[in-house]
Amino acid sequence: MSKNFNDSFRTQGLRKRLLETLRSKGFEDELVLEAMMKMPRHYFFDGAFVEKAYTDLAFPIGAGQTISHPMTVATQSSILEVKKHEKVLEIGTGCGYQTAILMLLGARVWTIERQRELFEKTSRLLPELGFQPKFFYGDGYKGLPSYAPFDKILVTCGAPFVPEDLKSQVKVGGLLVIPVGGDDVQRMIRLRKMKDGTFKREDWGEFRFVPMLEDKE
Ligand code: SAH
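These notes cover the structure that comes with them. (Residues numbered from 1 in each chain as written. Predicted model: local features only at pLDDT ≥ 70, side-chain atom pairs only at ≥ 80, totals over all residues. Heavy atoms only, no water.)

## Observations regarding the side chain of Gln-169
Okay, step 1: On the secondary structure map, Gln-169 appears in the loop between α6 (164–168) and β7 (170–181).
Okay, step 2: Accessibility expressed as a relative area gives 4% for Gln-169, which makes it buried.
Okay, step 3: Setting aside its immediate chain neighbours within four residues, Gln-169 contacts Leu-89, Lys-142, Gly-143, Leu-144, Pro-145, Ala-148, Pro-149, Phe-150 and Ile-153. (Helix = DSSP H or I, 4+ residues; strand = E, 2+ residues; numbered from the N terminus. Buried < 20%, exposed > 50% of the residue type's maximum accessible area, 1.4 Å probe, protein only. Contact = heavy atoms within 4.5 Å.)

In structure tokens form, the structure reads like this:
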């Protein structure tokens, strides 16, 4: 389906308003807001849905999946504390919007998607928009052992538990941000790897993600 790659005064205005909504809900990480201002969210939607791109809602992106709410993307990007040039592994490429925000924050991104349709669509779209992460089609539970370790790992689907493979692929001092819980609702967990290999756990409360699925089909 056709995309609208025109960022008009109107879409810029809608985006400013969306970011004001996030601020009014208490979000105040200016670096993340700046990255979100730079990235037109409607580029990730089919042409007819420009308005929908600028509401704080999840939205279908194909293959039964949804783009995360803007507030969810903002929160995950912020608590991941991305620094320039860091190596970030993203699980759940989806439409690529979160990937683009991580790259605008200066990260080098390796991203895995298990739905072939989305993998193919997004690995065409992001380079068209000037982003060149490393794309992988596969199972995020396993991470990417041959590219590990990563400074940060971000999981953008709801996991029933924290996969050991992902824990082992984070650097000491690094962070793993992962929504953990049931199919409907999860808690946003941040794990920091300590020198002795244990993890310090912090909880950012309830969020809703599509499930992190194990075996394909
Ligand atoms: N960051 C994405 C979020 C998409 S929703 C965006 O903003 O568009 C979560 C994505 O995780 C979906 O695309 C889903 O297909 C993918 N996913 C689910 N289980 C997975 C797994 N085991 N490995 C990799 N990706 C997975």
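Moving on from the coordinates now.
## So, the packing of helix α1 (residues 9–24) against helix α2 (residues 30–38)
When two helices pack together, their arrangement is given by the angle between the helix axes and by the axis-to-axis distance.
Okay, step 1: Interaxial distance between α1 and α2 falls to 10 Å at its minimum, and their mutual angle equals 155 degrees. As summarised for this structure, α1 and α2 are arranged roughly antiparallel, according to the angle between their axes. For α1 against α2, the interelement crossing comes out right-handed. Residue-level inspection shows Gln-12, Arg-15, Lys-16, Leu-19, Leu-22 and Arg-23 of α1 in contact with α2, the latter providing Glu-30, Leu-33, Met-36 and Met-37.
Okay, step 2: Residues that form the contact of α1 with α2 fall into these classes: five nonpolar, one polar and four charged. (Axes fitted to C-alpha atoms, helices over the stretch in contact; angles between N-to-C directions. Parallel < 35°, antiparallel > 145°, perpendicular 65-115°, else oblique. Left-handed = near helix turned anticlockwise from the far one by under 90°. Nonpolar A, V, L, I, M, F, W, Y, C, P; charged D, E, K, R; others polar.)

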